[in-house]
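# Residue-level structure breakdown
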Amino acid sequence: MALFSRKSSSSTPEPAQEPEAVEQEIVHASRGYTPAKGRATRKRTEAQRRRSEPPPTNRREALKRAREKARAERSEAYEGMKAGDERYLLPRDKGPERALVRDIVDSRRTVGPYFFAGAFVLLFLFQVPRAEVQLAANLIWLLLALAVIVDSFLISRKVKKMVMERFPKTTQSMRSLYFYAIMRAISFRKLRMPKTRVNIGDKI
């Protein structure tokens, strides 16, 4: 009876493996794959989802893909430049000192945009052949120019003060920072590049 019991227990069939597990074992055995310890084996369906884009079939399709890629890169660079990303900025805009200068200028109202708007109006007034109109136009022109000079002086003084406080060991030329600040100050706010990231009146 003991002999029969051993035979009956040894002849019990082993539970069949699932088809998916059998398929994975076959694939791994054929490729000599050894899974890492404690890490689940990746299924074939996951690998199929990661298939790369098929290569172009002809030259026209290859050129089309190249143009689309270049367009996407230009768009990414433009958006990065607008956001002030250092990777996409022009050499004139790079550096923490120039970022600070941009914030100083953008946090205040500047006379420069009003100067250009006024110059556009004065261009028509100068065409009027009346002496009093010509005199008024000249006076307005001088006042606007004087206002720009005074505003540029105040901006430059503030730039020097804040740059020396926050970057005492800077290697940037102060003259170049002054010029950078003035050029940004005389441009219209909506057209400035990189885009403004502070509001008027914000504390820098």
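Residues numbered from 1 in each chain as written. Predicted model: local features only at pLDDT ≥ 70, side-chain atom pairs only at ≥ 80, totals over all residues. Heavy atoms only, no water.

## Here we look at the side chain of R98
Relative to the elements of secondary structure, R98 occurs in helix α5 (residues 96-106). Buried charge without a salt bridge: R98, with D93 as the nearest opposite-charge side chain at an N-O distance of 6.3 Å. Of note is the side chain of R98, whose polar atom sits 3.5 Å from the side chain of S176. Excluding residues that lie within four positions of it along the chain, R98 makes contacts with R92, D93, Q172, S176, L177 and Y180. (Helix = DSSP H or I, 4+ residues; strand = E, 2+ residues; numbered from the N terminus. Buried < 20%, exposed > 50% of the residue type's maximum accessible area, 1.4 Å probe, protein only. Lys, Arg positive; Asp, Glu negative; His and termini not counted. Salt bridge = Lys/Arg side-chain N within 4 Å of Asp/Glu carboxyl O. Polar contact = N/O pair within 3.5 Å; in protein donor to acceptor, adjacent residues only side chain to side chain. Contact = heavy atoms within 4.5 Å.)

## Focus: the nonpolar core
Counting 13 residues, the largest nonpolar core has V101, V105, I155, V159, V163, L177 and A181 as the members making the most contacts within it. Of all the secondary-structure elements, those providing two or more residues to this core are α5, α7 (131-166) and α8 (174-185). (Core = buried A, V, L, I, M, F, W, Y, C linked by side-chain atoms within 4.5 Å.)

## So, the confidence of the model for the protein chain
Here the protein chain averages 78 in pLDDT, and 74% of its residues register 70 or above. Within the protein chain, no element has a lower average pLDDT than helix α2 (residues 19-31), which sits at 45, and none a higher one than α8, at 95. For residues 1-13, every residue scores under 50 in pLDDT, and the model assigns this stretch zero contacts once sequence neighbours within four places are set aside. Contacts of residues 15-23 to residues separated by more than four positions or lying in other chains number four contacts, the stretch itself having pLDDT below 50. (pLDDT = per-residue confidence, 0-100.)

## Observations regarding the pattern of salt bridges
Two side chains of opposite charge can pair, provided their charged atoms sit close to one another. Going through the model one piece at a time under the given rule, you end up with six salt bridges. A salt bridge links R184 to D106; the shortest N-O distance between them is 2.9 Å. Highlighted residues: R184 in helix α8 and D106 in helix α5, separated in sequence by 78 residues.

## Here's the deal with unusual backbone geometry
The amide bond that connects M193 to the next residue, P194, takes the cis arrangement and shows omega of 0°. Secondary-structure assignment places P194 in the segment after α8.

## A few points about a positive patch on the surface
A contiguous patch of positive charge, built from K64, R67, R71 and R74, is present on the exposed surface. Of note, R67 is situated in helix α4 (residues 59-83). Residue class for R67 comes out partly exposed when judged on its relative accessible area of 49%. (Patch = residues over 30% accessible without salt bridge, like charges linked within 9 Å, V, L, I, M, F, W, Y side chains within 5 Å. Areas by Shrake-Rupley, 256 points an atom, 1.4 Å probe, with all protein chains shown as cover. Charge placed at Lys NZ, Arg CZ, Asp CG, Glu CD.)

## What about the packing of aromatic side chains?
The tally for this structure, following the rule as stated, stands at three aromatic pairs. Aromatic side chains F115 and F116 sit 5.6 Å apart centroid to centroid with 80° between the ring planes, which places their arrangement in the edge-to-face category. Since its relative accessible area comes to 41%, F116 is described here as partly exposed. Measuring from centroid to centroid gives 5.4 Å for F115 and W141, while their planes differ by 50°, and the two rings are tilted. Within this pair, whereas F115 is found in helix α6 (residues 112-125), its partner W141 is found in helix α7, the two being separated by 26 residues in sequence. Classification of W141 by relative accessible area gives partly exposed; the value is 35%. Members of the aromatic cluster, connected to one another through ring pairs, are F115, F116 and W141. In this structure, R98 is placed above the aromatic ring of Y180, and the distance from its NZ or CZ to the ring centre is 5.0 Å. (Phe/Tyr/Trp six-rings, centres within 6.5 Å; stacked < 30°, edge-to-face > 60°. Lys NZ or Arg CZ within 6 Å of the ring centre and 35° of its normal.)

## Here we look at the packing of α6 against α7
When two helices pack together, their arrangement is given by the angle between their axes and by how far apart the axes lie. At a minimum axis distance of 10 Å, the contact between α6 and α7 shows a crossing angle of 165°. Overall, the two elements α6 and α7 adopt an arrangement that is roughly antiparallel. Considering only the axes of α6 and α7, their crossing is left-handed. Listed contacts from α7 to G112, Y114, F115, G118, A119, L122 and L125 of α6 are V133, Q134, A137, I140, W141, L144, A145 and V148. Residue composition of the contact of α6 with α7, by class: 12 nonpolar, three polar and no charged. (Axes fitted to C-alpha atoms, helices over the stretch in contact; angles between N-to-C directions. Parallel < 35°, antiparallel > 145°, perpendicular 65-115°, else oblique. Left-handed = near helix turned anticlockwise from the far one by under 90°. Nonpolar A, V, L, I, M, F, W, Y, C, P; charged D, E, K, R; others polar.)

## Some remarks on the environment of A137
Following the sequence through the fold, A137 ends up in helix α7. For A137, a relative accessible area of 0% puts it in the buried group. Distance in space between the C-alpha atoms of A137 and L123 is 8.8 Å, their sequence separation being 14 residues. Aside from chain neighbours lying at most four places away, what touches A137 is L122, L125 and F126.

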